[in-house]
Amino acid sequence: MTKQRIRLVISDFHLGAGPTRADGGTNYLEDFFHDAKLIEFIDYHSQGEFEKAEVELVINGDFFNHLQVWPGEKHPELMTEEVARRRTEAIMVGHPGLFDALARFATVADHSVIFLIGNHDIGFIWPSVRKMVEEKLGRGVKVHPEPVYLKDGVWIEHGNQHVAENRIDFKQPFLHAGFDQPIVNLPWGDLFVIRFLNKVKRDRPYVDKVYPFRLYLRWALIHDTGFAIRAALTGIIYFMAVLLRIGENRRFARQQFMKIVKEFSFPVKMDRAAKRVFALHPTLRIVVFGHGHKATARLFAGGKEYFNSGIWNEMISLEIGTMGRHLALTFIDIRYDAGGNPHGSLKEWKGHYREVEEMGLL
Ligand SMILES: [Mn+2]
């Protein structure tokens with residue numbers, strides 16, 4: 001009897017160096033607090049029916065957060081190979097049990113883990129960073145060197161390459177001029193995160209998790225006026241410096257600013273990108289993206305399936321129908337029928353039942 005084949009896709013964890021800093025303070029750049037639930041998810045898919053199956057766990061980008069590791073770095077936007085390695089190491093140390101669980105999963109027969117690159121784990125652009133993770137986690141764990149992972153008519157991609165402001169330039173991944181060592185050629189959005197958003201997060205760590213953004217803007221202006229004005233001023237100064245290429249911005253000169261302005265849409269429209277991928281590749285059956293932070297399952301013409309694996313961080317909705325904080329630990333479960341055809345479904349990991357749960361710092 002042939003083994004049942006299963007592919008699981010998860011994405012957008014944004015792991016930093018852990019919730020507390022070495023000096024005991026909080027790490028306001030950390031966005032992932034559910035290690036225990038992810039470990040249960042990983043272990044669950046190593047046991048019972050899954051132990052006898054062939055299971056591939058695809059971690060579809062933005063798992064490591066090389067842009068938001070810990071506060072207080074001097075020039076955080078200058079990501080040399082050494083810096084990327086150090087951040088990767090810090091993330092693994094900051095989430096210890098989790099990486100042990102991944103390594104354990106990959107030791108089960110016919111189980112494997114594959115990491116894809118997203119705009120937040122852009123440190124993977126360095127071959128030595130990919131190798132470091134592979135060696136640390138051991139046999140059965142791979143870091144895919146390209147943005148798209150295509151197998152059996154299933155297209156898995158983080159999705160940032162379809163968004164102008166987050167597109168990584170794979171033709172020119174590093175910048176050399178004016179540096180003693182090459183640095184990563186960060187997309188525009190990554191620079192925005194490091195140099196603007198991380199400053200704002202110091203005061204309001206949730207700022208990048210509120211949606212829709214236009215409602216938050218209005219809300220902050222009315223109810224959090226001082227902060228809104230401070231953030232707006234910081235933003236204006238930031239954008240002026242980018243436009244006028246002041247200071248560090250001279251070094252990141254090759255940004256396609258007009259293209260970004262033209263294509264800009266917020267929130268990002270990943271469904272449209274999926275339609276384009278299907279149109280260009282008629283034999284595809286399934287497209288899976290992350291990046292949009294909105295778990296999605298849609299059927300397109302001809303039975304084509306589009307999924308978005310969502311996000312494992314808490315989101316805050318200001319829309320009246322869904323108002324409040326939400327955490328949905330979503331994943332895509334792809335199974336193959338007798339004819340070898342893949343079929344996916346969007347699922348939510350509920351975890352094991354617990355009588356008591358730690359609430360963390362409130
Ligand atoms: Mn992303």
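One can find the structure itself at the top, above this paragraph.
Residues numbered from 1 in each chain as written. Predicted model: local features only at pLDDT ≥ 70, side-chain atom pairs only at ≥ 80, totals over all residues.

Colleague: Just to check I follow, could you spell out the nonpolar core for this structure?
Modeller: Inside soluble globular proteins, nonpolar side chains tend to come together where they are buried. Among the nonpolar cores identified, the biggest contains 74 residues, and Val9, Val58, Ile59, Leu102, Val113, Leu116 and Val288 are the most heavily contacted of them. Looking at this core, the element that brings in the most residues is helix α3 (residues 96-107), giving 5 residues. Contact partners of leucine 102, with chain neighbours within four places excluded, come to Ile42, Val113, Leu137 and Val141. (Core = buried A, V, L, I, M, F, W, Y, C linked by C-beta atoms within 7 Å. Buried ≥ 20, exposed ≤ 12 C-beta atoms within 10 Å, placed from the backbone. Helix = DSSP H or I, 4+ residues; strand = E, 2+ residues; numbered from the N terminus. Contact = placed C-beta atoms within 7 Å.)

Colleague: Can you help me understand the environment of proline 205 in this one?
Modeller: By the element assignment, proline 205 lies in the loop between α5 (188-203) and β9 (210-211). According to the C-beta neighbour criterion, proline 205 is partly exposed, with 15 such atoms within 10 Å. Each C-alpha atom, one on proline 205 and one on leucine 233, is 18 Å from the other, the two residues being 28 residues apart in sequence.

Colleague: For this particular structure, what's the right way to read the sheet that holds strand β14 (residues 324-326)?
Modeller: The strands that make up a sheet pair up through hydrogen bonds in the backbone, lying either parallel or antiparallel. Within the open sheet, the 3 strands sit side by side as β9-β13-β14. Their pairing is mixed. At either margin of the open sheet sits one strand with a lone partner, and together these are β9 and β14. In terms of strand pairing, β9 meets strand β13 (residues 315-317) through 2 bridges, oriented parallel. Bridge pairing in β13 places valine 210 opposite isoleucine 316. (Pairing = 2+ DSSP bridges.)

Colleague: Would you take a moment to explain the packing of helix α1 (residues 35-44) against α3 for this structure?
Modeller: Helix packing for two helices is described by the angle between their axes and how far apart those axes are. Look at α1 against α3: their axes get within 9 Å of each other, and the N-to-C directions meet at 5°. Overall, the two elements α1 and α3 adopt an arrangement that is roughly parallel. Two secondary-structure elements touch here, α1 through Asp35, Leu38, Ile39, Ile42 and Asp43 and α3 through Gly97, Leu98, Ala101, Leu102 and Phe105. Partitioning the contact of α1 with α3 into residue classes produces 7 nonpolar, 1 polar and 2 charged. (Axes fitted to C-alpha atoms, helices over the stretch in contact; angles between N-to-C directions. Parallel < 35°, antiparallel > 145°, perpendicular 65-115°, else oblique. Nonpolar A, V, L, I, M, F, W, Y, C, P; charged D, E, K, R; others polar.)

Colleague: So what exactly am I meant to see when it comes to unusual backbone geometry here?
Modeller: Negative phi values dominate among residues other than glycine, just as trans dominates among peptide bonds. Proline 212 follows tyrosine 211 through a cis peptide bond whose omega is -10°. Within the element layout of this structure, proline 212 appears in the loop between β9 and α6 (213-223). Look at aspartate 12: it is not a glycine, yet its phi comes out positive at around 55°. Structurally, the position occupied by aspartate 12 is in the loop between β1 (5-10) and α1. By C-beta crowding, aspartate 12 is classed as buried, having 28 other C-beta atoms within 10 Å. With a phi angle near 65°, histidine 293 is a residue other than glycine that sits in the positive phi range. For histidine 293, the location among the structural elements is in the loop between β10 (286-289) and β11 (296-300). On the basis of neighbour counts, which here come to 22 C-beta atoms within 10 Å, the residue histidine 293 falls in the buried class.

Colleague: Sorry, what's going on with the packing of α5 against helix α7 (residues 225-243) here?
Modeller: One can describe the packing of α5 onto α7 by two numbers: an axis separation of 10 Å at closest approach and a directional angle of 165°. Regarding the angle of α5 to α7, the classification is roughly antiparallel. Of the two possible hands of crossing, α5 and α7 adopt the one that is right-handed. In this structure, α5 uses Arg195, Phe196, Lys199, Val200 and Asp203 to contact α7, whose residues at the interface are Phe227, Ala231, Thr234, Gly235 and Tyr238. Taken together, the residues of the contact of α5 with α7 break down into 5 nonpolar, 2 polar and 3 charged. (Left-handed = near helix turned anticlockwise from the far one by under 90°.)

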